[in-house]
Amino acid sequence: MANKIVTDEVLKQIGKMGEPRTYEVERGAIRRFAEAIGDPNPLFNDEQRARETRFGGVIAPPTFCRSMGSPIPDVKLPALGDSFRGLDGGSDWEYFHPIRPGDRITAQTRLVDLKESEGRLGPMVFITMETTYTNQFGQLCVTQRSTAIRY
Amino acid sequence: MAAKLKYDSVKVGDEIPKFVVEGVSRPDFVRYAGASGDFVPLHYDQTFVEAAGIPTVFAQGMFTAGLLSKALTDWVGIGNVRQFKVRFATRVWPGDTVTCTGKVTNKLEKDGEKLIEGDLVVVNQKGEPAIRGSFRAAAG
């Protein structure tokens, strides 16, 4: 069955990039993020304890990258109209290098997938974005894949 | 704390020690909004949510995912998480008690690294899943 919303024309948007955004990671931002997720682990806030680990210092909690947002490429779905509803379909992360205080992290988001399926409430579109978080040495620290649902 | 997990002592079926948060609160959501920069008003603005037909503010999915990540890093050690995945199910409301846990489903060696994989879950006081997830972590 042909897609109603995700047409061949709509699929051409895959690969669209948002503008990159660079953040300087502050020590206090890591500490406050750890506090906000109920994590008193001294490795997020105690430099002396953190120096004894194999990382040699404080590193950020796994979902800290989420605090460094980058503009999302605009996805046009003309057949859905302007009054669509949305849901957060969840996220996956892959971790390659730790994020540390003082790092300059560049986040950039790309549209990687568009899928349509027929739901209970009519056609639904699954929009998958991938965000890469790269440090000042050009090392990829984290990739995040997030799926948003519009219907 | 980040006790380093020993690959050989972990078995498929082992449970991740529970992390229980009793009575999550509006201030928790506000603190997470500030720390994460996620200022979607659904999570702290009562006037806004009522206008949207929702009885009260509710937790950011990523707040609850953060609690789950703490349960995971307490067990596998900070810096050992290789993959983390979350899917949101039911909402978490002020006053809810959430329990974060998980179970080992697989052990493998890849590119010279010993890895543990498992399923994760956050349930509310009624046993309803708020998050279903999974992880892969390095073990020594």
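Up top is the structure these notes are about.
Remember, it's a predicted structure, so these values are computed and weren't measured experimentally.

So, how was this worked out
Residues numbered from 1 in each chain as written. Chains lettered and ligands numbered in written order. Predicted model: local features only at pLDDT ≥ 70, side-chain atom pairs only at ≥ 80, totals over all residues. Heavy atoms only, no water. Helix = DSSP H or I, 4+ residues; strand = E, 2+ residues; numbered from the N terminus. Rg over C-alpha atoms; globule rule 2.2 N^0.38 Å. Buried < 20%, exposed > 50% of the residue type's maximum accessible area, 1.4 Å probe, protein only. Contact = heavy atoms within 4.5 Å. Areas by Shrake-Rupley, 256 points an atom, 1.4 Å probe, with all protein chains shown as cover. Lys, Arg positive; Asp, Glu negative; His and termini not counted. Charge placed at Lys NZ, Arg CZ, Asp CG, Glu CD. Salt bridge = Lys/Arg side-chain N within 4 Å of Asp/Glu carboxyl O. Phe/Tyr/Trp six-rings, centres within 6.5 Å; stacked < 30°, edge-to-face > 60°. Core = buried A, V, L, I, M, F, W, Y, C linked by side-chain atoms within 4.5 Å. Buried area = accessible area lost by both parts, 1.4 Å probe. Polar contact = N/O pair within 3.5 Å; in protein donor to acceptor, adjacent residues only side chain to side chain. Pairing = 2+ DSSP bridges. Axes fitted to C-alpha atoms, helices over the stretch in contact; angles between N-to-C directions.

Peer 1: Is there a simple way to think about the overall build of chain A in this case?
Peer 2: Scanning chain A from N- to C-terminus turns up three helices and five strands. Counting helices and strands in the order they occur from the N terminus, chain A gives α-β-α-α-β-β-β-β. A globule of 151 residues ought to have a C-alpha radius of gyration of about 15 Å, yet chain A, at 19 Å, is considerably larger. Seen along its three principal axes, the alpha-carbon backbone of chain A occupies a region of about 60 × 30 × 25 Å. Among the 151 residues that make up chain A, the fraction classed as buried is 44%. Intrachain contacts of chain A at a sequence separation of at least 6 include 71% that bridge at least 24 residues. Counting only carbon and sulfur atoms, one obtains 49% of the accessible surface of chain A, whose full area is about 8000 Å². Charged side chains in chain A number 20 positive and 20 negative. The centres of these two groups are separated by 1 Å.

Peer 1: Sorry if this is basic, but what is going on with the pattern of salt bridges here?
Peer 2: Where charged atoms from two side chains of opposite charge approach closely, those side chains can pair. Taken as a whole and judged by the stated rule, the model has 16 salt bridges over all chains. For the salt bridge of A:Lys76 with A:Asp74, the shortest nitrogen-to-oxygen distance reads 2.8 Å.

Peer 1: Can you walk me through the packing of aromatic side chains in this structure?
Peer 2: To describe a pair of aromatic rings, one takes the distance between the centres and the angle between the planes. Here the structure, examined in full by the defined rule, presents seven aromatic pairs over all chains. Ring centres 6.1 Å apart and planes at 65° place the aromatic pair B:Tyr32 and B:Phe63 in the edge-to-face group. Here the residue B:Tyr32 occupies a position in helix H1 (residues 26-36), and B:Phe63 occupies one in helix H3 (residues 61-76), the gap between them amounting to 31 residues. Residues B:Tyr32 and B:Phe63 agree in their burial class; the two are buried. Among the aromatic residues, those joined into a cluster by ring pairs are A:Phe33, A:Phe64, B:Phe29, B:Tyr32 and B:Phe63.

Peer 1: Looking at this structure, I do not really get the nonpolar core. What am I missing?
Peer 2: Across soluble globular proteins, nonpolar side chains show a tendency to be buried alongside one another. A:Ile99, B:Phe84 and B:Phe135 are the most contacted members of the largest nonpolar core, which has 64 residues in total. Setting aside residues up to four positions removed in sequence, B:Phe84 forms contacts with A:Thr63, A:Ser91, A:Asp92, A:Trp93, A:Tyr95, B:Ala65, B:Leu68, B:Ser69, B:Leu72, B:Leu120 and B:Ser134. Ranked by size, the runner-up nonpolar core spans eleven residues in total, among them A:Val75, A:Leu77, A:Leu111 and A:Val125.

Peer 1: What's the story with the interface of chain A and chain B in this structure? I'm lost.
Peer 2: The figure often quoted for interface size is the accessible area lost as the parts come together. If you look at the interface, chain A gives 28 residues, while chain B gives 27 residues. Here chain A meets chain B over a buried area of about 2400 Å², counting both sides, of which 63% is carbon and sulfur. Of all residues in chain A, A:Ala36, A:Ile37 and A:Trp93 give up the largest surface area on contact with chain B, accounting jointly for 21% of the area buried on that side. The interface formed by chain A and chain B includes one salt bridge. Notably, a salt bridge pairs B:Arg87 with A:Asp92, separated by 3.0 Å at the nearest N-O pair. Along the contact surface separating chain A from chain B lie six residue pairs in polar contact (both at pLDDT 80 or more). Residue assignment for the side of chain A that touches chain B shows that the elements contributing at least two residues are helix H2 (27-36) and strand E2 (86-95) of chain A.

Peer 1: For this particular structure, what's the right way to read the sheet that holds strand E4 (residues 113-123) of chain B?
Peer 2: Taken together, ten strands build an open sheet; the order of strands is E1(A)-E3(A)-E4(A)-E5(A)-E2(A)-E2(B)-E5(B)-E4(B)-E3(B)-E1(B) and the sheet is antiparallel. Sheet topology places strand E1 (21-24) of chain A together with strand E1 (15-21) of chain B at the edges, where each strand pairs with a single neighbour. On average, adjacent strands in this sheet sit at an angle of 20° to one another, irrespective of strand direction. Of the pairings in the sheet, the one linking strand E2 (residues 81-88) of chain B to strand E5 (residues 129-138) of chain B comprises seven bridges and is antiparallel in character. Of the residues in E5(B), the one forming a bridge with B:Val81 is B:Ala137. Contacts from H3(B) reach E2 of chain A together with E1, E2, strand E3 (98-110), E4 and E5 of chain B within the one sheet, and its direction differs from that of E2(B) by about 145°.

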